[in-house]
Amino acid sequence: FIITMKFFNRFKRRDSQEDLKISKLETNNSNFNNNRNKPVNPFLDPTTSEWWFESFSKAKYENIVHYNPELTWTKKEENKLLTKLNLTVMLMVSLMFFGFHINKASFGDALRGGMAYDVDMQSSRYSMNGDSFDYGDDEDIVRYNSGDTSYGAALTVQTDAQRVMYAERACQIILAIPSVLVAKKIGPHIWLPIILCIYCALGGLSSLINETATAIGIRAAMGGVGAGFIPSCVLYLSYFYTSDQLAMRLACLWIVKTVADIFSGYLAYATDRVEYSPKPTAIDGWQLLFVAEGLVPLLGAIIIAFFLPPSLTEKKKWQREILTEHEKEIQVNSVLR
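Because the structure is a prediction, the values reported are computed rather than measured.

### So, the overall build of the protein chain
Working step 1: Scanning the protein chain for helices and strands turns up twelve helices and five strands.
Working step 2: Within the protein chain, the proportion of its 337 residues that are buried is 42%.
Working step 3: Considering only contacts in the protein chain between residues 6 or more positions apart, those separated by 24 or more positions represent 74%.
Working step 4: Of the accessible surface of the protein chain, which amounts to about 18,800 Å², a share of 60% is contributed by carbon and sulfur atoms.

Structural data, given as structure tokens:
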């Protein structure tokens, strides 16, 4: 993540006045590296400032103590605090994102590792006119006659693996919004580790799959549990970054997703080789894949749960301060403006 940010920063123009205090009319937009005209600080208008202060107070906004319409800061100060946030909050979210997508990709890797054959999942089930049947040796199965005219029958291929994925996606769609509402209610710093721990535990239990019905049940549960993970990550990061800053961080999260898919493929290759080892093993390679990709991220999620701060200004008793009071004031007002 740090290397990526450094790479993009090389192509941004340096502000000739980066060591000077920014005028009050420019503090609304804290992304000083872009070349757009910086909008006017809306809180400089006393009426507007008072209205928003009352709105933040009624909403019980936890960072209201740092609200300061007159605050100014330098680019150097902002870059320093963003580096701190990147090495703490963003790094922990990236690790959770990595563990989540490791488990998300495990089912496809297990299918390629021979799981379908070991648990007798049908790979050649067809549907015609609402009836399902297994493909046989009849060459006329794809055609039927009606009177003197021959029509092509509409066949829909539906493997058991597809049924599993359909169940997972259906639960994901149904429970996405309720999951985000829970995250908003209790706080994403609490909800995200809970989601990831349950999701990884179910991923590890996937090693117990012995038939299609079991696979549908476990993967459907994983789809429902993990439905709100990605939007909750976006919600959580929005507490710490402005919209301009958040865009680059979300792009980096999708880079992490791609890396997780690549890593999962290599891990699947390694576990598949277990089946071909000289000594017999107690479990198949795809079962070992589920265990490895489930338990390791589960332990990581438990550890990260103790270090996720609730917001810019709040922390648990055992957590260390990430930002100084002045840096908190800068970022809070930057996000609000």
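Having seen it, we continue.
### Overview of the layout of surface pockets
Working step 1: Volume-wise, the second largest pocket comes out at about 380 Å³.
Working step 2: What lines the second largest pocket is a set of 20 residues, among which Tyr61, Glu62, Lys184, Tyr239 and Ser311 lie closest to the centre.
Working step 3: Where the lining of the second largest pocket is concerned, the elements lending two or more residues are α6 (160-186) and α7 (188-205).
Working step 4: Sort the elements by how many residues they give to the lining of the second largest pocket and α6 lands first, with three residues.

### Looking at the packing of aromatic side chains
Working step 1: All chains considered together, the criterion is met by 14 aromatic pairs.
Working step 2: With 5.5 Å between their ring centres and 50° between their planes, phenylalanine 97 and tryptophan 254 make a pair best called tilted. Of this pair, phenylalanine 97 sits in helix α3 (residues 75-104) while tryptophan 254 is found in helix α10 (residues 243-272), placing the two residues 157 residues apart along the sequence.
Working step 3: A relative accessible area of 40% places tryptophan 254 in the partly exposed class.
Working step 4: Following the ring pairs from residue to residue traces out a cluster consisting of Phe43, Trp51, Trp52, Phe53, Phe56, Tyr61 and Tyr67.

### Examining the nonpolar core
Working step 1: With 60 residues, the main nonpolar core has Leu85, Met115 and Phe229 as its most contacted residues.
Working step 2: The leading source of residues in this core is α3, at ten residues.
Working step 3: Sequence-distant contacts of leucine 85, defined by excluding residues within four places in its chain, comprise Met90, Phe240, Tyr241, Leu312, Ile322, Leu323 and Gln331.

### Some remarks on the packing of helix α9 (residues 229-237) against α10
Working step 1: Where α9 meets α10, the axes come as close as 11 Å, and the angle between the chain directions of the two elements is 145°. Crossing of α9 over α10 shows right-handed handedness. Along the contact surface, α9 presents Ile230, Val234 and Leu237, while α10 presents Leu246, Leu250, Leu253 and Trp254.
Working step 2: Of the residues belonging to the contact of α9 with α10, the class tally is seven nonpolar, no polar and no charged.

### Quick notes on the pattern of salt bridges
Working step 1: The tally for this structure, following the rule as stated, stands at seven salt bridges.
Working step 2: Here arginine 163 makes a salt bridge to aspartate 160, at a shortest N to O gap of 3.0 Å. Highlighted residues: arginine 163 and aspartate 160, both in helix α6, separated by three residues, approximately one helical turn.
Working step 3: The class for arginine 163 is partly exposed, based on a relative accessible area of 33%.
Working step 4: Through salt bridges with shared partners, one network takes in Glu321, Glu325 and Lys328.

### Remarks on the confidence of the model for the protein chain
Working step 1: Averaged over the protein chain, the pLDDT score is 80; the fraction of residues at 70 or greater is 76%.
Working step 2: Here strand β3 (residues 143-146) is the element of the protein chain with the lowest mean pLDDT, 41, and α9 is the one with the highest, 95.
Working step 3: Note on residues 13-37: pLDDT is under 50 here. Beyond four places in sequence and across chains, it has 62 contacts.

### With respect to the side chain of aspartate 109
Working step 1: Along the chain, aspartate 109 turns up in helix α4 (residues 106-112).
Working step 2: Polar contacts involving the side chain of aspartate 109 include one to the side chain of arginine 112, which spans 2.6 Å.
Working step 3: Leaving out residues up to four positions away in the same chain, aspartate 109 has contacts with Ser264, Gly265, Ala268 and Leu289.

Thresholds applied
- Residues numbered from 1 in each chain as written.
- Predicted model: local features only at pLDDT ≥ 70, side-chain atom pairs only at ≥ 80, totals over all residues.
- Heavy atoms only, no water.
- Helix = DSSP H or I, 4+ residues; strand = E, 2+ residues; numbered from the N terminus.
- Buried < 20%, exposed > 50% of the residue type's maximum accessible area, 1.4 Å probe, protein only.
- Contact = heavy atoms within 4.5 Å.
- Areas by Shrake-Rupley, 256 points an atom, 1.4 Å probe, with all protein chains shown as cover.
- 1 Å grid on protein atoms, 1.4 Å probe; cavity = no way out; pocket = protein on both sides within 12 Å on 5 of 7 lines; lining within 4 Å.
- Points joined across faces, edges and corners; volume = space filled by probe spheres on them.
- Phe/Tyr/Trp six-rings, centres within 6.5 Å; stacked < 30°, edge-to-face > 60°.
- Core = buried A, V, L, I, M, F, W, Y, C linked by side-chain atoms within 4.5 Å.
- Axes fitted to C-alpha atoms, helices over the stretch in contact; angles between N-to-C directions.
- Left-handed = near helix turned anticlockwise from the far one by under 90°.
- Nonpolar A, V, L, I, M, F, W, Y, C, P; charged D, E, K, R; others polar.
- Salt bridge = Lys/Arg side-chain N within 4 Å of Asp/Glu carboxyl O.
- pLDDT = per-residue confidence, 0-100.
- Polar contact = N/O pair within 3.5 Å; in protein donor to acceptor, adjacent residues only side chain to side chain.

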